[in-house]
Amino acid sequence: MRVISFYPGPSRVYSDITKYIYEAYMHGILAINHRSDEFMELMAGTKEILYENLHIPKNYQILFTSSATECWEIFGQSMIRGKSQHFFNGAFGEKWAGHCRNLGIETINTHFDIDGRIPVHKIEPDAEWICITHSETSNGTGISHNSLKLLNKERTPDQLIAIDATSSMGGVDLDFNSGDFWFASVQKCFGLPAGLAILIVSDRAIQKAQQIHESSHYNSLLNILKNSQNNQTHYTPNILDIYLLYRTQKKSGDMRKVSRKVENRYKLWTDLINDLEYFDWLVKDPELRSPTVMTLVHHDVQNLKKRARSHDIIIGNGYGKWKDSTIRIANFPAIKRKEIERFWSFLRKNSH
Ligand SMILES: *Cc1c(COP(=O)(O)O)cnc(C)c1O
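About the cut-offs
- Residues numbered from 1 in each chain as written.
- Predicted model: local features only at pLDDT ≥ 70, side-chain atom pairs only at ≥ 80, totals over all residues.
- Heavy atoms only, no water.
- Core = buried A, V, L, I, M, F, W, Y, C linked by side-chain atoms within 4.5 Å.
- Buried < 20%, exposed > 50% of the residue type's maximum accessible area, 1.4 Å probe, protein only.
- Helix = DSSP H or I, 4+ residues; strand = E, 2+ residues; numbered from the N terminus.
- Contact = heavy atoms within 4.5 Å.
- Polar contact = N/O pair within 3.5 Å; in protein donor to acceptor, adjacent residues only side chain to side chain.
- Near = heavy atom within 4 Å.
- Areas by Shrake-Rupley, 256 points an atom, 1.4 Å probe, with all protein chains shown as cover.
- Nonpolar A, V, L, I, M, F, W, Y, C, P; charged D, E, K, R; others polar.
- Pairing = 2+ DSSP bridges.
- Phe/Tyr/Trp six-rings, centres within 6.5 Å; stacked < 30°, edge-to-face > 60°.
- Expected span 1.5 Å × (residues − 1).
- Arc of directions from axis to C-beta.
- Axes fitted to C-alpha atoms, helices over the stretch in contact; angles between N-to-C directions.

Next up on the list: the nonpolar core. Of all hydrophobic cores here, the largest spans 50 residues; its most connected members are Met-169, Trp-182 and Phe-190. In terms of residue count, the dominant contributor to this core is helix α2 (residues 37-54) (six residues). Look past the residues within four positions of Trp-182 in its chain and what remains in contact with it is Tyr-60, Leu-148, Ile-163, Ala-165, Met-169, Leu-174, Asp-175, Phe-176, Ile-198, Leu-199 and Ile-200.

Following this line, the structure appears as structure tokens:
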């Protein structure tokens, strides 16, 4: 791959992809019916490897949907009738709250600063769900293990937690027990083409969906669940992407190993950025940064991006109000070490 995208999704896909696509074609996987035994076997195997690699507890169900955006919608449709409280400091968290509001949910929007922790003391006792964004892709903030623990400590026993982990799942070893409704699309840390998302729900979340019993949409949660329990999907899914997920997860192995790689690279990135005179972190407190999406302040973003492009390196734009003052760099596992080194050497020479 000559041009390397460090855009935080879609981003570089795993380099073995072409081999797997060829394999899928040759084995006839692209032509199988989604009610066939072959598909059910593939789906069962894919879920099994996800349970194993990502350490998903057995009392959680893995469901497939088309995108993280669809999971926002499913959440608003099927999971909630009371109030949802959204803690956010960036565009993705805010959009999710907007989706819920558009579906008629009474939302409580609790904005917090990019230089501050989640204000857990502001949890509203009458919120049915608490919604957070694990890695806020728009500004590179991340929720630490400790913050998530604290959130769990402060919530009431009846409150559930929904977590958009789109730009961290597949790159960070998540503690699934600390949330009830987790989701991510695959074009970020999973290093795959867009068009598939993974939704992971606890038994508590399923009980909630059963109480609400919403069944008026093709993607009503109970309908997805019923199909998934038969290792099928509620619509003709992106079978190629499921196959690619299966193959790449078989190869990449335990998430502890993958997240160690991401962490190590993040440390090396930190050393470099601290050395480079013309770059600074948007998020000053290292504890509040996401290791998978790095957002850096630079005084001439457009020019830097252009220069990088002429070296076959694609840098991510800033997002929303940080569009013109920052760049975003994906630190996703599928990116190769030698590609990162090429980027580092470009930055050392072009930091001005
Ligand atoms: C990319 C992203 C989304 C949207 O993902 P789609 O697959 O386009 O629906 C949602 N939330 C976060 C945090 C993201 O990074």
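The next thing to look at is the environment of Lys-257. Looking at where Lys-257 falls in the secondary structure, it is placed in helix α9 (residues 255-275). Sequence spacing of Lys-257 and Asp-280 is 23 residues, and the spatial spacing of their C-alpha atoms is 29 Å. A distance of 3.3 Å separates a polar side-chain atom of Lys-257 from the backbone oxygen of Ser-252.

What follows covers the site of the ligand. Around the ligand there are 13 residues in total, and Thr-69, Thr-137, Asp-164, Ser-185 and Lys-188 lie nearest to it. Contact between the ligand and Thr-137: an oxygen atom at 2.4 Å from a side-chain N or O atom of the residue. Between the ligand and Asp-164, the relevant distance is 2.7 Å, taken from a nitrogen atom to a side-chain nitrogen or oxygen of the residue. Protein burial of the ligand: of its 390 Å² of free accessible surface, 86% is covered by the chains. Among the elements that take part in the shell around the ligand, helix α3 (residues 68-79) stands out by supplying three residues, more than any other. A per-class count over the shell around the ligand returns three nonpolar, eight polar and two charged.

Moving on, we get to the pairing of strand β15 (residues 326-330). Across the five residues of β15, five count as buried, placing the element largely inside the fold. Where burial is concerned, the two faces of β15 agree: the one with Thr-326, Arg-328 and Ala-330 and the one with Ile-327 and Ile-329 are both buried. Where strand β12 (residues 293-297) and β15 come together, five bridges link them in antiparallel fashion. By the bridge assignment for β15, Val-297 is matched with Thr-326. Relative to β15, strand β14 (residues 316-317) runs antiparallel, the two being bridged by two bridges. When the bridges of β15 are listed, Asn-317 appears paired with Ile-327.

As a further point, take the packing of aromatic side chains. Summed over the entire model, instances satisfying the criterion amount to 14 aromatic pairs. Ring geometry for Phe-92 against Tyr-319: centres 5.1 Å apart, planes inclined by 35 degrees, an arrangement best described as tilted. On the criterion of sequence distance, the pair formed by Phe-92 in helix α4 (residues 91-102) and Tyr-319 in the loop between β14 and β15 is long-range, its members being 227 residues apart. Overall, Tyr-319 belongs to the partly exposed group, its relative accessible area being 23%. When the centroid spacing of 6.1 Å and the interplanar angle of 80 degrees are considered together, the rings of Trp-129 and Phe-181 count as edge-to-face. Here Trp-129, found in strand β5 (residues 127-133), pairs with Phe-181, found in strand β9 (residues 181-185); they are 52 residues apart in sequence, far enough to count as distant. The two residues Trp-129 and Phe-181 agree in class, both being buried. Members of the aromatic cluster, each reached through a chain of ring pairs, are Phe-6, Trp-269, Phe-343, Trp-344 and Phe-346.

Its 14 residues give helix α11 (residues 337-350) an end-to-end C-alpha distance of 20 Å, which sits within 8% of 20 Å, the value for a rise of 1.5 Å per residue. Turning to α11, its buried residues are Glu-339, Ile-340, Phe-343, Trp-344, Phe-346, Leu-347 and Asn-350. An end-on view of α11 places all buried positions within 160 degrees of arc, on one side of the element. In α11, those exposed residues whose orientation departs by more than 90 degrees from the buried face are Lys-338, Arg-348 and Lys-349.

Moving on, we come to the sheet that holds strand β8 (residues 160-164). Strand pairing within a sheet occurs via backbone hydrogen bonds; the two strands may be parallel or antiparallel. On the basis of which strands lie adjacent, the open sheet formed by seven strands has the order β2-β10-β9-β8-β5-β3-β4 and mixed pairing. If you trace the sheet from one side to the other, it starts and ends with β2 (60-65) and β4 (106-111), each paired once. Across the sheet, the mean angle separating the axes of adjacent strands is 20 degrees when strand polarity is ignored. Those strands touched by helix α7 (residues 221-229) are β2, β9 and β10 (197-202), and its axis lies near 105 degrees from that of β2.

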